[in-house]
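Listed below are the residues making up each chain.
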Amino acid sequence: VDVHLDRKLAVVKETRTSAWDVIAGLHGFHAEMPGSRWVSIWAWYTELCTFAVLFAGVSGVYLWTRRRRERRIGYVLIAGAGAISLALMLYVTLHG
Amino acid sequence: MTMYHAIRKIHLYSGLVILAFLMMYFVSGYVMIHRPWFGGQAGKPPAAVRTESLAGYTGPREPAALAAYVVDRFNLHGRATIPPPQRQPAKSIRFNIVRPGTIQQVDVPHDGDTATITTTRENLAGVLAQLHRVHGYGGGWIWNAFVLFNDLASASCILFALSGVYLWWRTAKRKAWGVLCLSASCAYTIGMVLYLMYAR
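Nothing here was measured: the structure is a model prediction, and the numbers come from that model.

Novice: Hey, could you go over the overall build of chain B for me, with residue numbers and the actual values?
Specialist: The number of helices and strands found in chain B is six helices and five strands. Along the chain direction, N to C, the helices and strands of chain B fall in the order α-α-β-α-β-β-β-β-α-α-α. A globule of 200 residues ought to have a C-alpha radius of gyration of about 16 Å, yet chain B, at 23 Å, is considerably larger. Dimensions of chain B along its principal axes, counting C-alpha atoms only, are 75 × 45 × 35 Å. For chain B, long-range pairs separated by at least 24 residues make up 52% of all intrachain contacts whose partners lie at least 6 apart in sequence. Looking at chain B as shown, the accessible area adds up to about 11,300 Å², and 65% of this sits on carbon and sulfur atoms.

Put into structure tokens, the structure is as follows:
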């Protein structure tokens, strides 16, 4: 919105985005949108989804540990991939 | 091996492999949506600015070649990103050397032989937020391995959802609540996308 006080004029330029842009914008969108409760609920939904990610990881590990079979390969995968992942995160952050 | 067992194995093994990245996504994502709770922008050190000589550089005066030269000569660490022409300043060539928590903005004047390097460092919340957003190959093989893990974690999230729904459908005796939750979440998400695309 461009407001021209001297001419008592406001110019509103509306640009529509594609579905992919909307989806990208919704990732991590956690703000109130004035006049739209429908959109504002998204912040709560994002919060719920964040904890769903945590729950998926923790419950997945719990269910795996309850099984006797596939325990050894599971330990190898979780230890190996976990160590590589943490090393990558540290290296990329500290060294680039 | 039945289809059910194959999908169960894919679900389990892919989950264990990307568990650390999934937890990183949770921690960094939570910090991002509640940044003020984690200090906001406080505690960031002031930007450090230094000017270096480019005397002796004989290559082309274009961003990619300059970035490669500056990274090598001044031992900068990170992935080079070059802003598009419309975001380049009028009087200089600009590129950034980026890694989570550290951005080194380099400006080379069109008519000069110097490089001004502005180093901006983030606080812990900023480091996590940038770790969450790392993308794009081309920053060396370790960087590329990190991005590959990030891509695998992202793809696995889709795979988890699909294989999880399949496993639930095959095993659950009562599906009513699951169908209700799944339908409501899909409807709300699709509705949001359509609303933001078409609502006046």
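Novice: An account of the side chain of Thr93(A) is requested, with residue identities and associated values reported.
Specialist: Residue and element names in this part refer to chain A. Residue position: threonine 93 is located in helix α3 (residues 71-94). Judged by relative accessible area, which is 17%, threonine 93 ranks as buried. Within polar-contact distance, the side chain of threonine 93 engages the backbone oxygen of methionine 89 at 2.7 Å.

Novice: An account of the pattern of salt bridges is needed here, citing residue identities and associated values.
Specialist: Considering all chains together, one arrives at nine salt bridges over all chains under this definition. Residues Arg16(A) and Glu14(A) are paired through a salt bridge, measuring 3.1 Å at the closest nitrogen-oxygen approach. The class of Arg16(A) is partly exposed, set by a relative accessible area of 38%. For Glu52(B), the salt bridge goes to Arg50(B), with nearest N and O atoms at 2.8 Å. Judged by its relative accessible area of 32%, Arg50(B) falls in the partly exposed class. Three or more residues joined by partner-sharing salt bridges are found here, namely Arg67(A), Glu70(A), Arg8(B) and Lys9(B).

Novice: Got a sec to walk through the interface of chain B and chain A? Specific residues and values, please.
Specialist: Accessible area lost upon the coming together of the parts serves often as the stated size of an interface. Taken together, the 40 residues of chain B in the interface contact 45 residues of chain A. Counting the surface chain B buries against chain A, the share from its top three residues, Leu16(B), Ile33(B) and Tyr188(B), is 17%. For the pair chain B and chain A, the interface holds two salt bridges. As a salt-bridge pair, Glu70(A) and Arg8(B) come within 2.7 Å of each other at their nearest N and O atoms. Linking chain B with chain A are 13 residue pairs in polar contact (both at pLDDT 80 or more). Elements that contribute at least two residues to the side of chain B that touches chain A include exactly α1 (3-17), α2 (19-33), α4 (124-133), α5 (141-171) and α6 (176-198) of chain B. Considering each element in turn, the side of chain B that touches chain A owes the most residues, ten residues, to α6(B).

Novice: Outline the side chain of Ser85(A), listing residues and values.
Specialist: Assignment of secondary structure puts Ser85(A) in helix α3. Taking relative accessible area as the criterion, Ser85(A) reaches 0% and is therefore assigned buried.

Novice: Quick rundown of the nonpolar core? Include the residues and the values.
Specialist: Core analysis: the largest hydrophobic core is formed by 17 residues, its most contacted members being Met89(A), Phe21(B), Met24(B) and Phe146(B). Elements with a contribution of two residues or more to this core: α3 of chain A together with α2 and α5 of chain B. Not counting chain neighbours up to four residues away, the residues in contact with Phe146(B) comprise Leu88(A), Met89(A), Val92(A), Phe21(B), Met24(B), Leu131(B) and Val134(B). By size, the runner-up hydrophobic cluster in this structure holds 14 residues, among which are Val70(B), Leu76(B), Phe95(B) and Val108(B).

Novice: Describe the packing of aromatic side chains, and please don't skip the residues or the numbers.
Specialist: This model, assessed by the stated rule, comprises 14 aromatic pairs over all chains. Consider the rings of Phe21(B) and Phe146(B), whose centres lie 5.3 Å apart with planes at 55°: the pair is tilted. Of this pair, Phe21(B) sits in helix α2 while Phe146(B) sits in helix α5; the two residues are 125 residues apart in sequence, bridging distant segments of the chain. Note on accessibility: Phe21(B) and Phe146(B) belong to one class, buried. Judged by centre distance (6.4 Å) and plane angle (65°), the rings of Tyr30(B) and Trp37(B) are edge-to-face. Through a chain of ring-to-ring contacts, three or more aromatic side chains come together here, namely Phe51(A), Phe26(B), Tyr30(B), Trp37(B) and Phe38(B). Its guanidinium or amino end placed over the ring of Trp169(B), Lys175(B) lies 4.8 Å from that ring's centre, counting from NZ or CZ.

Novice: Mind laying out the layout of surface pockets, listing which residues take part and the relevant values?
Specialist: Residues and elements named next belong to chain B. Put simply, the second largest pocket is a space of about 220 Å³. Mapped by element, the contributors of at least two residues to the lining of the second largest pocket are β2 (79-81), β3 (92-99) and α4. By residue class, the composition of the lining of the second largest pocket is five nonpolar, three polar and three charged.

Novice: Summarise the sheet that holds β2(B); cite the residues concerned and give the values.
Specialist: Residues and elements named next belong to chain B. Read from one edge to the other, the open sheet built from five strands follows the order β1-β5-β4-β3-β2, with strand pairing classed as antiparallel. Edge strands, defined here as strands with exactly one partner in the open sheet, are β1 (48-53) and β2. When strand polarity is set aside, the average angle formed by the axes of neighbouring strands in this sheet is 25°. Pairing of β3 with strand β4 (residues 102-109), which is carried by eight bridges, proceeds in the antiparallel orientation. By the bridge assignment for β4, serine 92 is matched with proline 109. Along the sheet, helix α3 (residues 63-73) contacts β1, β2, β3 and β4; its crossing angle with β3, the most-contacted strand, is approximately 55°.

Cut-offs used in this document
- Residues numbered from 1 in each chain as written.
- Chains lettered and ligands numbered in written order.
- Predicted model: local features only at pLDDT ≥ 70, side-chain atom pairs only at ≥ 80, totals over all residues.
- Heavy atoms only, no water.
- Helix = DSSP H or I, 4+ residues; strand = E, 2+ residues; numbered from the N terminus.
- Rg over C-alpha atoms; globule rule 2.2 N^0.38 Å.
- Contact = heavy atoms within 4.5 Å.
- Areas by Shrake-Rupley, 256 points an atom, 1.4 Å probe, with all protein chains shown as cover.
- Buried < 20%, exposed > 50% of the residue type's maximum accessible area, 1.4 Å probe, protein only.
- Polar contact = N/O pair within 3.5 Å; in protein donor to acceptor, adjacent residues only side chain to side chain.
- Salt bridge = Lys/Arg side-chain N within 4 Å of Asp/Glu carboxyl O.
- Buried area = accessible area lost by both parts, 1.4 Å probe.
- Core = buried A, V, L, I, M, F, W, Y, C linked by side-chain atoms within 4.5 Å.
- Phe/Tyr/Trp six-rings, centres within 6.5 Å; stacked < 30°, edge-to-face > 60°.
- Lys NZ or Arg CZ within 6 Å of the ring centre and 35° of its normal.
- 1 Å grid on protein atoms, 1.4 Å probe; cavity = no way out; pocket = protein on both sides within 12 Å on 5 of 7 lines; lining within 4 Å.
- Points joined across faces, edges and corners; volume = space filled by probe spheres on them.
- Nonpolar A, V, L, I, M, F, W, Y, C, P; charged D, E, K, R; others polar.
- Pairing = 2+ DSSP bridges.
- Axes fitted to C-alpha atoms, helices over the stretch in contact; angles between N-to-C directions.

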